[in-house]
Amino acid sequence: MRTEAEAGEFVNVRLPIFLEQGFSCLEREVVAERVCCLCGTCAAFCEKIKINEESRNELKPEFVEEYDTVCGLCYAFCPRTFLPFSELERRIFGVARASEAREVSEAREASAEPLGVYRSCYAVRSKKEKGDLEGRVQDGGAVTSLLAYALEEGVLDSAVVTAADEQWRPQTRVARSYEDLKAAAGTKYTIYPSVLGVKEAFEEGCESVGFVGLPCQIQGLRKVQTSEQPYEVGKEKIKLLVGLFCMENFSAGLLEFVSARLEKEGLDLAGVKKFDIKGKDLLISWGASGGVHKIALDEIKEYESEGCSVCTDYTAELADISVGSVGSEEGWSTVLARTELGEEVVKGALEKGFVEVKEVEEKGLGLVRRLAVRKKRSGSGGKAGAGI
Ligand SMILES: Cc1cc2nc3c(=O)[nH]c(=O)nc-3n(C[C@H](O)[C@H](O)[C@H](O)COP(=O)(O)OP(=O)(O)OC[C@H]3O[C@@H](n4cnc5c(N)ncnc54)[C@H](O)[C@@H]3O)c2cc1C
Ligand code: SF4
Ligand code: SF4
Ligand code: SF4
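Per chain, residue numbering runs from 1 following the sequence as it is written. Here chains are named by letter from A upward and ligands by number from 1 upward, in the order in which they appear as written. In keeping with the model being predicted, local features are shown solely for residues with a pLDDT of at least 70 and side-chain atom pairs are shown and tallied solely at 80 or more, while totals for entire chains, interfaces and linings include all residues.

### Brief notes about the overall build of the protein
Line of reasoning, step 1. If you tally the helices and strands in the protein, you get 15 helices and 13 strands.
Line of reasoning, step 2. A residue is called partly exposed when the number of other C-beta atoms within 10 Å of its own lies between 12 and 20, exposed at 12 or fewer, and buried at 20 or more, with C-beta atoms placed from the backbone. Burial statistics for the protein: of 388 residues in total, 44% are counted as buried.
Line of reasoning, step 3. Residues are scored as being in contact if the C-beta atoms we place from backbone atoms lie within 7 Å. Once local pairs closer than 6 in sequence are excluded, the contacts in the protein between residues at least 24 apart make up 69%. Helix numbers and strand numbers start at the N terminus; a helix is a DSSP run of H or I with at least 4 residues, a strand a run of E with at least 2.

### Overview of the sheet that holds strand β6 (residues 209-213)
Line of reasoning, step 1. Paired strands are those between which DSSP finds at least two bridges. An order of β5-β4-β6-β7-β11-β12-β3-β13 is seen for the eight strands of this open sheet, with the pairing classed as mixed. Of all strands in the sheet, those bounded by a partner on one side alone are β5 (170-175) and β13 (355-358). Mean inter-strand twist for the sheet, computed between neighbouring axes without regard to direction, equals 30 degrees.
Line of reasoning, step 2. Relative to strand β7 (residues 238-244), β6 runs parallel, the two being bridged by five bridges. Within the sheet, the bridge partner assigned to G210 lies in β7 and is L240.
Line of reasoning, step 3. Seen against the sheet, helix α12 (residues 215-226) touches β6 and β7 and runs at an angle of roughly 155 degrees to β7. The angle between two axes is taken between their N-to-C directions and runs from 0 to 180 degrees, where each axis is a line fitted to C-alpha atoms and a helix contributes only its stretch in contact.

### Section: the site of ligand 2
Line of reasoning, step 1. Ligand 2 sits among 13 residues. The nearest are F23, C46, C71, L73 and C74.
Line of reasoning, step 2. Looking at the shell around ligand 2 residue by residue, the class counts come to eight nonpolar, three polar and two charged. Near, for a residue, is defined by distance from a backbone-placed C-beta atom to a molecule or strand, with 6 Å as the limit that must not be exceeded. Each residue gets one of three labels, nonpolar for Ala, Val, Leu, Ile, Met, Phe, Trp, Tyr, Cys and Pro, charged for Asp, Glu, Lys and Arg, and polar for the others, Gly among them.

### Focus: the sheet that holds strand β9 (residues 281-286)
Line of reasoning, step 1. One open sheet holds the three strands; their spatial order is β8-β9-β10, and the pairing between them is antiparallel. Because the sheet does not close on itself, it has two edges, and the strands there are β8 (272-278) and β10 (292-296). This sheet shows a mean twist of 20 degrees between the axes of neighbouring strands, independent of strand direction.

### Re the site of ligand 3
Line of reasoning, step 1. The environment of ligand 3 is made up of 16 residues, and the closest members are C36, C39, T41, C42 and C78.
Line of reasoning, step 2. Of all elements in the fold, only α2 (23-31) and α3 (41-44) reach the threshold of two or more residues within the shell around ligand 3.
Line of reasoning, step 3. If one sorts the elements of the shell around ligand 3 by residue count, α2 sits on top with three residues.
Line of reasoning, step 4. Residues of the shell around ligand 3, tallied by class, amount to twelve nonpolar, three polar and one charged.

### Notes on the confidence of the model for the protein
Reading predicted coordinates in detail is not appropriate for stretches of low pLDDT.
Line of reasoning, step 1. Within the protein, residue pLDDT values average 88, and 87% of them lie at 70 or more.
Line of reasoning, step 2. A residue's pLDDT is the confidence the predictor assigns to it, expressed on a 0 to 100 scale. Overall, residues 1-14 carries pLDDT values under 50, and its contacts beyond four positions in sequence, including any with other chains, amount to eleven contacts.
Line of reasoning, step 3. Low confidence marks residues 383-388, where pLDDT is under 50. Its contacts with residues over four positions away, or in another chain, come to 13 contacts.

### Brief notes about the environment of R91
Line of reasoning, step 1. By secondary structure assignment, the location of R91 is in helix α6 (residues 85-93).
Line of reasoning, step 2. Once the C-alpha coordinates of R91 and T226 are considered, the two residues, 135 residues apart in sequence, prove to be 6.9 Å apart.

### A short note on the pairing of β13
Line of reasoning, step 1. Judged by which residues are buried, β13 turns out to be one-sided: V355 and V357 face inward and are buried, whereas E356 and K358, on the alternate face, are not.
Line of reasoning, step 2. The sheet contact formed by strand β3 (residues 120-126) and β13 spans four bridges and is antiparallel. Across the sheet, residue V124 finds its bridge partner in β13, namely V357.

### Side note on the environment of T41
Line of reasoning, step 1. Here T41 lies in helix α3.
Line of reasoning, step 2. For T41, a count of 31 C-beta atoms within 10 Å puts it in the buried group.
Line of reasoning, step 3. C-alpha of T41 to C-alpha of G220: the two residues are 179 residues apart in sequence and 5.8 Å apart in space.
Line of reasoning, step 4. In this view, T41 contacts F77, C78, P79, V195, G220, L221 and V224; residues no more than four positions away in its chain are not counted.

### Considerations on the nonpolar core
Line of reasoning, step 1. A set of buried residues drawn from Ala, Val, Leu, Ile, Met, Phe, Trp, Tyr and Cys, joined through C-beta atoms within 7 Å, is what defines a nonpolar core. Judged by nonpolar contacts, the single largest core of 100 residues is most densely connected at C74, L146, L147, V242 and V335.
Line of reasoning, step 2. If you tally residues by element for this core, the top one is helix α9 (residues 142-152), at eight residues.
Line of reasoning, step 3. If we skip the residues at most four places from it in the chain, L146 touches V242, I321, V345, V346, A349 and V355.

### Here's the deal with helix α15 (residues 362-379)
Line of reasoning, step 1. When the terminal C-alpha atoms of α15 are compared, their 25 Å separation across 18 residues agrees well with the 26 Å that a helix rising 1.5 Å per residue should span.
Line of reasoning, step 2. Residues of α15 that are buried include every one of V368, A372, K375 and K376, and no others. Around the axis of α15, the buried residues are gathered within 100 degrees of arc, so they sit on the same side. Pointing more than 90 degrees away from the buried face of α15 are the exposed residues E362, K363 and G366.
Line of reasoning, step 3. The inward-facing, buried residues of α15 contact β11 (321-324) and β12 (333-337).
Line of reasoning, step 4. Following α15 by one or two positions, G381 adopts a phi angle in the positive range, close to 65 degrees. Multiply 1.5 Å by the residue count of a helix minus one, and that product is the helix's expected span. By arc we mean the arc of the directions from the helix axis to the C-beta atoms, nothing more.

### Examining unusual backbone geometry
Line of reasoning, step 1. Backbone geometry places R34, a non-glycine residue, at a positive phi of 65 degrees.
Line of reasoning, step 2. In this fold, R34 is placed in the loop between α2 and α3.
Line of reasoning, step 3. Residue R34 is classed as exposed on the basis of its C-beta count, with 12 C-beta atoms lying within 10 Å.
Line of reasoning, step 4. With a phi close to 50 degrees, L59 is a non-glycine residue in the positive phi region.
Line of reasoning, step 5. Within the secondary structure, L59 is located in the loop between α4 (53-57) and β2 (62-63).
Line of reasoning, step 6. Note on L59: 19 C-beta atoms within 10 Å, which makes it partly exposed.

### Some thoughts on the packing of α9 against helix α14 (residues 340-351)
Line of reasoning, step 1. At a minimum axis distance of 9 Å, the contact between α9 and α14 shows a crossing angle of 90 degrees. Put simply, α9 runs roughly perpendicular to α14. Where α9 abuts α14, its residues S145, L146, Y149 and A150 lie against V345, V346, G348 and A349.
Line of reasoning, step 2. Of the residues contributing to the contact of α9 with α14, the split by class is six nonpolar, two polar and no charged. To sort the angles, those under 35 degrees are grouped as roughly parallel, those over 145 as roughly antiparallel, those from 65 to 115 as roughly perpendicular, and the leftovers as oblique.

Okay, structure coming up:
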């Protein structure tokens with residue numbers, strides 16, 4: 001029988017250190033299988049991979065050079081090649097769930113918790129320049145305000161966010177100030193390789209980088225942070241990961257569909273203030289008039305991104321802080337602080353008056369859990385239980 005230390009070593013082998021796998025392996029196992037979620041991690045850490053507009057629409061990161069050095073980084077970092085959740089949790093949080101808890105000496109009482117590992121949960125609302133943020137942020141403005149605190153207090157020197165142009169096409173930005181953060185507030189429901197913004201931040205000389213993104217993007221960056229390989233990729237500069245809850249995302253075609261629909265009413269995308277998904281509808285809020293245009297989710301099913309079909313992570317289980325709208329009342333965000341740093345940021349933001357917090361009601365948290373379980377089931381073809 002293995003000793004505890006040997007069991008630990010055995011488990012670690014499942015997160016490979018150096019794989020002689022090139023882009024062709026990634027292409028065969030992820031891109032050709034149509035499970036690429038376009039997180040952008042492969043292209044963010046290798047100059048030889050590009051994701052331009054065309055490859056974005058096709059969900060096809062492309063190898064753009066003659067010779068592949070087969071260093072294995074893209075394969076090792078991609079969240080779709082292998083994703084040993086328990087081992088990643090062990091490395092990030094020092095704890096694991098029920099299936100692994102026996103093997104981890106310092107593990108707290110772990111349970112088959114569909115929300116993953118977390119220390120505390122709050123309903124959070126921005127207090128910073130409240131009127132100023134109103135109408136700009138998606139829910140409680142928790143993401144914008146927590147990052148504003150982290151920038152202002154020097155926890156971070158930058159935060160990679162996903163803004164949008166006039167036509168609601170997503171664009172990454174390296175935010176250095178509250179003004180930059182404010183300009184990127186609000187949800188963009190089209191798939192975009194936001195992890196590429198981390199590369200921009202490194203190129204701009206940032207040393208303490210925060211990142212806000214979707215669960216798949218957080219998975220990619222956690223693999224970067226936790227993998228052991230012989231290359232300098234700057235992973236020590238990635239300091240804080242804020243993950244968003246996510247049930248699904250849509251292809252760029254959604255914007256064309258919405259634009260055509262709005263045109264019939266003499267409206268256009270440039271006038272849209274906010275997109276939101278509530279129940280079974282996509283809600284499009286109109287700026288000046290305050291009107292809301294509704295499109296049933298059934299009508300836009302064909303735009304659901306193919307790479308989302310295998311996704312089992314609703315609440316960004318590997319983030320430092322996860323934020324979503326479900327679980328709290330209108331105008332508040334549900335926030336799960338998962339790591340020590342995540343909890344420090346939420347508490348610090350509260351102490352310095354950036355946010356106000358209250359308890360999340362058990363009923364609200366129950367709904368988040370049910371949705372998390374539903375996603376685990378649908379993403380694993382109906383096979384998974386709540387404990388994975
Ligand atoms: C595609 C998508 C699907 C979502 N699905 C759900 C869901 O099913 N249930 C749920 O409860 N919540 C969901 N959310 C999260 C929710 O819409 C809010 O983002 C969250 O509640 C935070 O609100 P806030 O007011 O605190 O954020 P804000 O202060 O408004 O800040 C929002 C931040 O999100 C970032 N962002 C916006 N769009 C993207 C994007 N496409 N990719 C990466 N980063 C982005 C921006 O950089 C900004 O910093 C989803 C978000 C996205 C982007
Ligand atoms: S050089 Fe490395 S990271 Fe880049 S494509 Fe080849 S194997 Fe992937
Ligand atoms: S899932 Fe992310 S890392 Fe994997 S191939 Fe697609 S863009 Fe690259
Ligand atoms: S459903 Fe999963 S794969 Fe799709 S955007 Fe959300 S986190 Fe990424």
